[in-house]
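Report on the structure
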Amino acid sequence: KTNMMINPKQRLRLKKEMMDEKPTVLIGKNGVTQGVIDEVSRKLDKNEIVKIKILKSGLKATGREEVAEKVSRLTESALIETRGHTIILFKKRKR
């Protein structure tokens, strides 16, 4: 498990940074597909942080926490926040 250690101060800063940002990835009725994982990975590689919106149709089979955990695990990123249907993930860029 490569969940990076993020201290509370960093977590708070990242949350504030993303507060006014619009989600750049949507998870729809097909749920967490390989396409979603690839897109999230691309965004993380480019920006280190991504905001994801789970549409109601994306929650039919699982809860939002499970979706958040799955995306975080499959993209090897840190889950910063789950609020409502929105997830924020962070992954330090490879040098």
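As the structure is a prediction and not an experimental result, all values here were calculated from the model. (Residues numbered from 1 in each chain as written. Predicted model: local features only at pLDDT ≥ 70, side-chain atom pairs only at ≥ 80, totals over all residues. Heavy atoms only, no water.)

**Section: the pairing of strand S4 (residues 86–90)**
Rule in force here: The classification of residues rests on relative accessible area computed with a 1.4 Å probe and restricted to protein chains. Under 20% of the type maximum is buried, over 50% is exposed, and intermediate values are partly exposed. Strands here mean DSSP runs of E at least two residues long; helices mean DSSP runs of H or I at least four residues long; both are numbered from the N terminus. A strand pair is defined by DSSP finding two or more bridges across the two strands.
Counting buried residues in S4 gives five out of five residues, a clear majority hidden from the surface. Judged by which residues are buried, S4 turns out to be covered on both faces: Thr 86, Ile 88 and Phe 90 on one side and Ile 87 and Leu 89 on the other are all buried. Where strand S2 (residues 49–54) lies against S4, five bridges are found, and the strand directions are antiparallel. The residue of S4 that forms the bridge with Val 50 is Leu 89. Connecting strand S3 (residues 78–83) to the next strand, S4, in antiparallel fashion are two residues, including Gly 84 with a positive phi near 60 degrees.

**Observations regarding the sheet that holds S3**
Note the threshold: As a rule, the C-alpha atoms of each element are fitted with a line to give its axis, helices using only the stretch in contact, and angles between N-to-C directions run from 0 to 180 degrees. A contact between two residues is defined here by any heavy atoms of the two lying within 4.5 Å.
With respect to topology, four strands assemble into an open sheet ordered S1-S2-S4-S3, the strand pairing being mixed. In this open sheet, the two strands that pair with only one neighbour each are strand S1 (25–27) and S3. Taken pair by pair, the neighbouring strands of this sheet meet at an average axis angle of 25 degrees, ignoring direction. One ladder, built from five bridges, connects S3 with S4; its direction is antiparallel. What sits directly across from Glu 81, in S4, is Ile 88. Across the sheet, helix H3 (residues 64–74) is in contact with S1, S2, S3 and S4; its angle to S3 comes to roughly 160 degrees.

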